[in-house]
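# Architecture and fold: a report
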Amino acid sequence: MTVPNTPPDPARADGTDAVADAVPADAAPAPYAAPDPHAARDPYALPPEPDPAGAEARPAAPSAQRLLPELRVGAATVLACLVLGVVMGLLWAWLAPKVPLVVDGNKILYADPEGEQRAGADSVFVLIGLGMGILTALGAFLVTRKRGGGIAVAVGLAVGGLLASVGAWGLGRWLGPGRDLVAEARKVGNGGHFQADIDLGAYGAVLAWPMAAMVLLLALSAAFGKREEDPPPYWVPGPPAVDAGAVPQDRREG
């Protein structure tokens, strides 16, 4: 009985594959070789998919962290308005015209019945509010111009201007003449003169500051605000397309 001839086993005794020796070393692809940037690319190939592991390694910033800078800007704007509101209250108590009164027996009469002191107090409050609105809007725009402004600046000016106006109104009334007219009349006696307290006859005067600030901020942002570069018109041709399979001039000459 003869044993048929069988091909030799390519596996060696040391466990290596003899067929691997038949492949030239220069023909085997290097596992860590960098891809050739000038190699021809398939124009219909799909773009590589993002690495999910890399996306998980870079978590998105929480919303609180993204809103924190805006909240800081808005809070700083409101705080600056409140500080200027104290200044506005002092100016109003000083500049507002006072209503002169006179004691006539058991009656308190106007010393100048045709006077416009009440309307003058409202006018002075509005003028000071307009000046404060212009000042705060200009300052907020110059400080936040590099960052592009933002909704926090507008909201801070509106809220801060309104709160500051109301605070200035209350502060001016507190610093002005006494509100107890009977006590003041008894103090000066019959025929004596004193001044009435200052107050707003038109409550809409407290809106002068926030309205002026918002209008000026909008005008400054539209005229001098930070702008993004506009894209070119659709009829302007783009840069010439580069053929992926073409060899650069320096490589052809070499």
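Our subject is the structure that appears above.
Basis of the calculations
Residues numbered from 1 in each chain as written. Predicted model: local features only at pLDDT ≥ 70, side-chain atom pairs only at ≥ 80, totals over all residues. Heavy atoms only, no water. Axes fitted to C-alpha atoms, helices over the stretch in contact; angles between N-to-C directions. Helix = DSSP H or I, 4+ residues; strand = E, 2+ residues; numbered from the N terminus. Parallel < 35°, antiparallel > 145°, perpendicular 65-115°, else oblique. Left-handed = near helix turned anticlockwise from the far one by under 90°. Contact = heavy atoms within 4.5 Å. Nonpolar A, V, L, I, M, F, W, Y, C, P; charged D, E, K, R; others polar. Pairing = 2+ DSSP bridges. Patch = residues over 30% accessible without salt bridge, like charges linked within 9 Å, V, L, I, M, F, W, Y side chains within 5 Å. Areas by Shrake-Rupley, 256 points an atom, 1.4 Å probe, with all protein chains shown as cover. Salt bridge = Lys/Arg side-chain N within 4 Å of Asp/Glu carboxyl O. Core = buried A, V, L, I, M, F, W, Y, C linked by side-chain atoms within 4.5 Å. Buried < 20%, exposed > 50% of the residue type's maximum accessible area, 1.4 Å probe, protein only. Polar contact = N/O pair within 3.5 Å; in protein donor to acceptor, adjacent residues only side chain to side chain. Expected span 1.5 Å × (residues − 1).

## Things to note about the packing of helix H3 (residues 117-143) against helix H4 (residues 151-175)
Taken N-terminus to C-terminus, the directions of H3 and H4 make an angle of 150 degrees; their axes are 11 Å apart at the nearest point. The orientation of H3 relative to H4 falls into the category roughly antiparallel. The element H3 and its partner H4 pack so that their crossing is right-handed. Here Phe125, Thr136, Ala137 and Ala140 of H3 lie close against H4, whose contacting residues are Val153, Leu157, Ser165, Ala168 and Trp169. Looking at the contact of H3 with H4, its residues break down into seven nonpolar, two polar and no charged.

## A look at the sheet that holds strand E2 (residues 107-110)
If you walk across this open sheet you meet the three strands as E2-E1-E3, and the pairing is antiparallel. With partners counted over all chains shown, the strands left at the sheet margins are E2 and strand E3 (193-195), one partner each. In this sheet, adjacent strand axes meet at a mean angle of 35 degrees when their direction is disregarded. Bridging between strand E1 (residues 100-104) and E2 involves four bridges; their strand directions are antiparallel. The residue of E2 that forms the bridge with Val102 is Leu109. The sheet contacts of helix H5 (residues 181-188) involve E1, E2 and E3, and relative to E3 the element is tilted by about 150 degrees.

## Details of a nonpolar patch on the surface
A contiguous nonpolar surface patch, about 430 Å² in accessible area, is contributed by Leu82, Ile151, Val155, Val159 and Leu163. It is H4 that provides the largest number of residues to the nonpolar patch, a total of four residues. Assignment of secondary structure puts Leu163 in helix H4.

## Digging into the pairing of E1
Sheet analysis places E1 next to E3, joined by three bridges and oriented antiparallel. Paired with Val102 across the bridge in E3 is His193. Following E1, the chain reverses through two residues before pairing antiparallel with E2; Gly105 in that reversal takes a positive phi of roughly 70 degrees.

## Observations regarding the nonpolar core
With 29 residues, the main nonpolar core has Met88, Trp92, Phe125, Leu157, Leu200, Trp209 and Leu217 as its most contacted residues. Of all the secondary-structure elements, those providing two or more residues to this core are helix H2 (63-95), H3, H4 and helix H6 (208-224). Per-element accounting of this core gives the leading share, eight residues, to H3. Filtering out sequence-adjacent residues up to four positions away, Trp209 remains in contact with Cys81, Leu84, Gly85, Met88, Gly129, Met132, Gly133, Thr136, Gly161, Ala164 and Ser165. Counting residues in each nonpolar core, the second largest holds six residues, with Leu101, Val103, Ala185 and Ala196 among its members.

## Description of the environment of Gly139
Relative to the assigned elements, Gly139 resides in helix H3. Taking the relative accessible area as the measure of exposure, Gly139 reaches 32% and is therefore partly exposed. Gly139 sits 59 residues away from Ala80 along the chain, and the two C-alpha atoms are 9.9 Å apart.

## What to know about the pattern of salt bridges
Taken as a whole and assessed by the stated rule, the structure comprises one salt bridge. Note that Asp199 is salt-bridged to Arg173, the shortest N-O span being 3.8 Å. Taken together, the residues Asp199 in the loop between E3 and H6 and Arg173 in helix H4 connect sequence positions 26 residues apart. For Asp199, a relative accessible area of 17% puts it in the buried group.

## Overview of the side chain of Thr144
Assignment of secondary structure puts Thr144 in the loop between H3 and H4. Here Thr144 falls in the buried class, since its relative accessible area comes to 8%. With residues near it in sequence (within four places) discarded, Thr144 still touches Val73, Gly149 and Val153.

## Remarks on the environment of Arg147
With respect to the element layout, Arg147 can be found in the loop between H3 and H4. Along the chain, Arg147 and Lys226 lie 79 residues apart, while their C-alpha atoms are 8.1 Å from each other. Residues contacting Arg147, with those up to four places away along its chain left out, are Glu70, Val73 and Val153.

## Points about the side chain of Asp199
A distance of 2.9 Å separates the side chain of Asp199 from the side chain of Trp169, its partner in a polar contact. Ignoring any residue separated from it by four or fewer positions in sequence, one finds Asp199 in contact with Trp92, Arg118, Ala121, Asp122, Trp169, Arg173 and Arg179.

## Let's talk about H4
Because the α-helix completes a turn every 3.6 residues, residues three or four places apart line up on one side. Its 25 residues place the ends of H4 35 Å apart at the C-alpha level, agreeing with the 36 Å of an ideal helix rising 1.5 Å per residue. Within H4 the residues assigned to the buried category are Ala152, Val153, Ala154, Gly156, Leu157, Gly160, Gly161, Ala164, Ser165, Ala168, Trp169 and Gly172.

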